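Fold and geometry: a report
Chain by chain, the residues:
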Amino acid sequence: MIPFSPPRIDQQIIDEVVNTLKSGWITTGPRTKMFEKRLAEYCNVPEVLCLNSATAGLELMLQWYGVKTGDEVIMPAYTYCATANVVIHCGAKPVFVDINDDFNISLKQIENAITEKTKVIMPVDIAGFPCDYDEINTLVKRADIVEKFQAATEEQKKLSRILVLSDAAHSLGAVYKGKKTGSLSDVTVFSFHAVKNLTTAEGGAVCLNLPEPFNNRALYDYFCIKSLHGQNKDALSKTKIGNWRYDVIEAGYKLNMTDIQAAMGLVELARYDADMLIRRKKIFHTYSDKFAKYSWAQLPEYESINKTTSYHVYLLRIKNITEIQRDEIISRIFEKQVGVNVHFIPLPLMSFYKKLGYCIENYPSTYNNYSREISLPVYYDLTDEQINIVADAVISSVEETRNIIYL
Ligand SMILES: *Cc1c(COP(=O)(O)O)cnc(C)c1O
């Protein structure tokens, strides 16, 4: 069986994790601080805060911005549940909008969805392809949109507009107009979950890139406290002689990254551009070359004049098929010992969100693209031979299914 997305665990990762275990420092410490510094350099952003997941980072930022009951947060209907669940945790309302043909949130639909209650927009770089950041950033600063904004907290007054909080769980290393993700919006959150491009087993990072008069350094210090029970000294600083007494300044969360996780991240980041992304790019191009000759194949958009993906997920679509036909193709691919997936089942199709009244009929582009989508394996250790096996399994499964359909 060719698995869908196993992590890259080689001797270098194992050695660094073992070194960390032996170092005597396994919770947040020097390696986490180093990983934050390296990520900030990599993304060219003022500050990076590492946490135990992307979900944690998104929720921390919503809580900080004072998002609460009565508020609205705009996001695509086409995303993973984490994007919306954190809004629910805050008591606020996720406002789903439809997507473009590149799977990313539609600018026009964002504009239509903005109300006096909108506090945050969460673009999601689906599969690693950056959203239209210049347009989104311009939109939130447009006079009539700014006028609609109702600031209720100190932070909201300071920004005096909608916050752009990017869910970049897929897009570390993607490039938009010469700039890397992380630096494209007010705040960007990466995921280092086991299936993501760069993994720390579980983990995430928040890139702080807020405009004046915010002080990103001071915010970083504050978020270290807020993500560790509101405790004004972390374990590392308490190890300094005589530095045992601490205070709790608020009922904070427990979201910190461990040095074991950071050890993996440091190894992965050091070889990310020159090794990981090169391999993933090769896999994307090979798939596209193979499928280009089939009239039923709709290839994903992942490189354009202004945008380069992080080559996270290869989103193949089959033209003119129903959801049932797609599911049939998937089971035939699995029968050929190849693991594939669908990214994502839209949130309005999930029981919880259905019960809240969301209805897939309101998101025709989301449904259309979802119903014809199959995500193919992309990972560092996927061999050239395996790429051929995957492509052949997809091609024969589609053709068999088409024969059934058209008989
Ligand atoms: C994986 C993922 C997340 C959540 O990441 P965690 O690190 O597991 O919390 C959020 N959004 C999207 C789009 C994802 O794919």
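Owing to the predicted nature of the structure, the values given are computational and were not obtained by experimental measurement.

**Considering the site of the ligand**
Around the ligand sit 16 residues in total, of which Thr55, Asp167, His170, Ser191 and Lys196 are the nearest. Between Ala54 and the ligand, the recorded distance is 2.9 Å, taken from a backbone N or O atom to an oxygen atom. In the environment of the ligand, a nitrogen atom lies 2.7 Å from a nitrogen or oxygen atom belonging to the side chain of Asp167. Computed on the free molecule, the ligand has an accessible area of 380 Å², of which 93% lies beneath the protein chains in the complex. Of all the secondary-structure elements, those providing two or more residues to the shell around the ligand are helix 3 (54–64) and helix 4 (81–89). Among the residues making up the shell around the ligand, the classes are represented as six nonpolar, eight polar and two charged.

**Observations concerning the sheet that holds strand 7 (residues 179–180)**
The strand order 7-6-11 describes an open sheet built from three strands, whose pairing is antiparallel. Since the sheet does not close on itself, it has two edges, and those belong to strand 7 and strand 11 (307–308), each with one partner. Where strand 6 (residues 175–176) lies against strand 7, two bridges are found, and the strand directions are antiparallel. From the neighbouring strand, Tyr176 faces strand 7, where its bridge partner is Lys179.

**Digging into the confidence of the model for the protein chain**
In the predicted model, the protein chain carries a mean pLDDT of 97, and 99% of its residues have values of at least 70. Element-level pLDDT for the protein chain is lowest in helix 10 (residues 235–238), with a mean of 80, against a maximum mean of 99 in strand 5 (residues 163–167).

**Digging into the domain arrangement of the protein chain**
Looking at the protein chain, the domain boundaries give domain 1 (11–270) and domain 2 (273–406). Here domain 1 and domain 2 have C-alpha centroids that lie 27 Å from each other. Counting the surface lost from both domain 1 and domain 2, the interface buries some 3,100 Å², and carbon and sulfur atoms represent 58% of this. It is Tyr78, Phe129 and Asn197 in domain 1 that bury the most area against domain 2; as a group they hold 22% of the surface buried on that side. The tally of links between domain 1 and domain 2 comes to two salt bridges. Close ionic contact of Lys307 with Asp132 constitutes a salt bridge, the shortest N to O distance being 2.7 Å. Taken together, the connections running from domain 1 to domain 2 amount to 22 residue pairs in polar contact (both at pLDDT 80 or more). Of all the secondary structure elements, the ones that give two or more residues to the side of domain 1 that touches domain 2 are helix 4, strand 3 (93–97) and strand 6. In terms of residue class, the side of domain 1 that touches domain 2 is made up of 22 nonpolar, eight polar and eight charged.

**Concerning the packing of aromatic side chains**
Each aromatic ring pair is characterised by the separation of its centres together with the angle its planes make. The final tally for this structure, using the stated rule, is 24 aromatic pairs. Summarising the aromatic geometry, the rings of Phe35 and Phe192 are spaced 5.5 Å apart at their centres and angled 50° between planes, so their arrangement reads as tilted. One end of the pair, Phe35, is in helix 2 (residues 30–43); the other, Phe192, is in the loop between strand 8 (187–191) and strand 9 (204–208), and 157 residues separate them in sequence. Here Phe35 and Phe192 have matching classes, each one buried. For the ring pair Tyr133 and Tyr176, a centre distance of 6.1 Å and an interplane angle of 85° mean the geometry is edge-to-face. In this pair, Tyr133 sits in helix 6 (residues 133–141) while Tyr176 sits in strand 6, placing the two residues 43 residues apart along the sequence. These aromatic residues form a ring-pair network of at least three members: Phe284, Tyr287, Phe291, Tyr294, Trp296, Tyr302, Tyr311 and Tyr314. Above the plane of the ring of Tyr380 lies Arg8, whose end atom (NZ or CZ) is 3.5 Å from the centre. The ring of Tyr42 has Lys180 sitting right over it, with the charged end atom 4.2 Å from the ring centre.

Thresholds, definitions, all that
- Residues numbered from 1 in each chain as written.
- Predicted model: local features only at pLDDT ≥ 70, side-chain atom pairs only at ≥ 80, totals over all residues.
- Heavy atoms only, no water.
- Near = heavy atom within 4 Å.
- Polar contact = N/O pair within 3.5 Å; in protein donor to acceptor, adjacent residues only side chain to side chain.
- Areas by Shrake-Rupley, 256 points an atom, 1.4 Å probe, with all protein chains shown as cover.
- Helix = DSSP H or I, 4+ residues; strand = E, 2+ residues; numbered from the N terminus.
- Nonpolar A, V, L, I, M, F, W, Y, C, P; charged D, E, K, R; others polar.
- Pairing = 2+ DSSP bridges.
- pLDDT = per-residue confidence, 0-100.
- Domains from an automatic or database assignment.
- Buried area = accessible area lost by both parts, 1.4 Å probe.
- Salt bridge = Lys/Arg side-chain N within 4 Å of Asp/Glu carboxyl O.
- Phe/Tyr/Trp six-rings, centres within 6.5 Å; stacked < 30°, edge-to-face > 60°.
- Buried < 20%, exposed > 50% of the residue type's maximum accessible area, 1.4 Å probe, protein only.
- Lys NZ or Arg CZ within 6 Å of the ring centre and 35° of its normal.

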